[in-house]
Amino acid sequence: DQQVKQNSPSLSVQEGRISILNCDYTNSMFDYFLWYKKYPAEGPTFLISISSIKDKNEDGRFTVFLNKSAKHLSLHIVPSQPGDSAVYFCAATGTGNQFYFGTGTSLTVIP
Amino acid sequence: DVKVTQSSRYLVKRTGEKVFLECVQDMDHENMFWYRQDPGLGLRLIYFSYDVKMKEKGDIPEGYSVSREKKERFSLILESASTNQTSMYLCASLREGGQETYEQYFGPGTRLTVT
């Protein structure tokens, strides 16, 4: 059973607008969440993370929001750029040993 | 700059062959991981290792084994390759930062095709 879910397989956004990628999880023991970006034929690269003691973490154009009561997190990209076009995975861990990944959302930023 | 390298980018093997996928990291990380990525399924953990000669099963270990004889190297072994093991295989190592922060660094992946 998928413990981390990304229900939108794809998303298209105009350049300059906001991209919002969503992720839901089921395991209340998860206390650390990460977002990865993946280009074709490359491994995922770490983007941003958040600990469960926070509800927001910001890094430049990227902000991750965590709603623990809803078991939901989202990644906001503002402003979106064509180079942001990639597959985005969210991941969660409770122990730092096992990481559970979502199925990914393919973002296309239209120039 | 952390580097995780994988021995092959593309590999084609026949059913029943024994397959070795090698992964090397240069940052002295304790933890290393093997995942497979399939369309619609995301990344699924096969095995991980938290120290030399130590290993733990992930979610889908069947048909696979691993070896960690040196800290920097983590090998994935397909004992007898089958067509349902055709996939993208990703190796990762883990940096544990302060305040319980974690960051996995991934290799470029090995696209394995079993015919």
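Use the structure listed above.
Model, not experiment: these values are computed from the prediction.

Q: Outline the sheet that holds strand β1 (residues 4–5) of chain A, supporting the account with residue identities and numerical values.
A: Residues and elements named next belong to chain A. The strand order β1-β3-β8-β7-β6 describes an open sheet built from five strands, whose pairing is antiparallel. Across the chains shown, the open sheet's two edge strands, defined by having one partner strand only, are β1 and β6 (56–59). Bridge count between β1 and strand β3 (residues 19–25): two bridges; the pairing is antiparallel. Bridging across to β3, Val-4 finds its partner in Tyr-25.

Q: Lay out the state of the cysteines in plain terms, naming residues and giving numbers.
A: Here a disulfide denotes a covalent bond joining the sulfur atom of one cysteine to the sulfur atom of another. Enumeration according to the criterion identifies two disulfides over all chains in this entry. Here Cys-23 of chain A is linked by a disulfide to Cys-90 of chain A, with a sulfur-sulfur distance of 1.9 Å. Between Cys-23 of chain A and Cys-90 of chain A the disulfide shows an S-S torsion of about 65°. By sign, it is right-handed. Here Cys-23 of chain A is found in strand β3, whereas its partner Cys-90 of chain A is found in strand β9 (residues 86–93), with 67 residues between them in sequence. As far as the burial class goes, Cys-23 of chain A and Cys-90 of chain A line up, both buried. Note on cysteine connectivity: Cys-23 of chain B is disulfide-linked to Cys-91 of chain B, with sulfurs 1.8 Å apart. Between Cys-23 of chain B and Cys-91 of chain B, the disulfide has an S-S torsion of -75° and is therefore left-handed. In this pair, Cys-23 of chain B sits in strand β3 (residues 19–25) while Cys-91 of chain B sits in strand β9 (residues 87–96), placing the two residues 68 residues apart along the sequence. What makes Cys-91 of chain B buried here is its relative accessible area of 0%.

Q: Please set out the pattern of salt bridges residue by residue, giving values where relevant.
A: All names here are of chain B. Applying the stated criterion across every chain, the model contains nine salt bridges over all chains. The partner of Lys-18 in a salt bridge is Glu-79, with the nearest N and O atoms 3.6 Å apart. Residue Lys-18 is located in the loop between β2 (10–13) and β3, and its partner Glu-79 is located in the loop between β8 (73–78) and β9; the two are separated by 61 residues in the primary sequence. Among the salt bridges present, the one from Asp-28 reaches Lys-71, with a minimum N-O distance of 3.1 Å. Taken together, the residues Asp-28 in the loop between β3 and β4 (31–38) and Lys-71 in the loop between β7 (64–70) and β8 connect sequence positions 43 residues apart. For Lys-71, a relative accessible area of 22% gives the class partly exposed.

Cut-offs and rules
- Residues numbered from 1 in each chain as written.
- Chains lettered and ligands numbered in written order.
- Predicted model: local features only at pLDDT ≥ 70, side-chain atom pairs only at ≥ 80, totals over all residues.
- Heavy atoms only, no water.
- Pairing = 2+ DSSP bridges.
- Helix = DSSP H or I, 4+ residues; strand = E, 2+ residues; numbered from the N terminus.
- Disulfide = S-S within 2.5 Å.
- Buried < 20%, exposed > 50% of the residue type's maximum accessible area, 1.4 Å probe, protein only.
- Salt bridge = Lys/Arg side-chain N within 4 Å of Asp/Glu carboxyl O.

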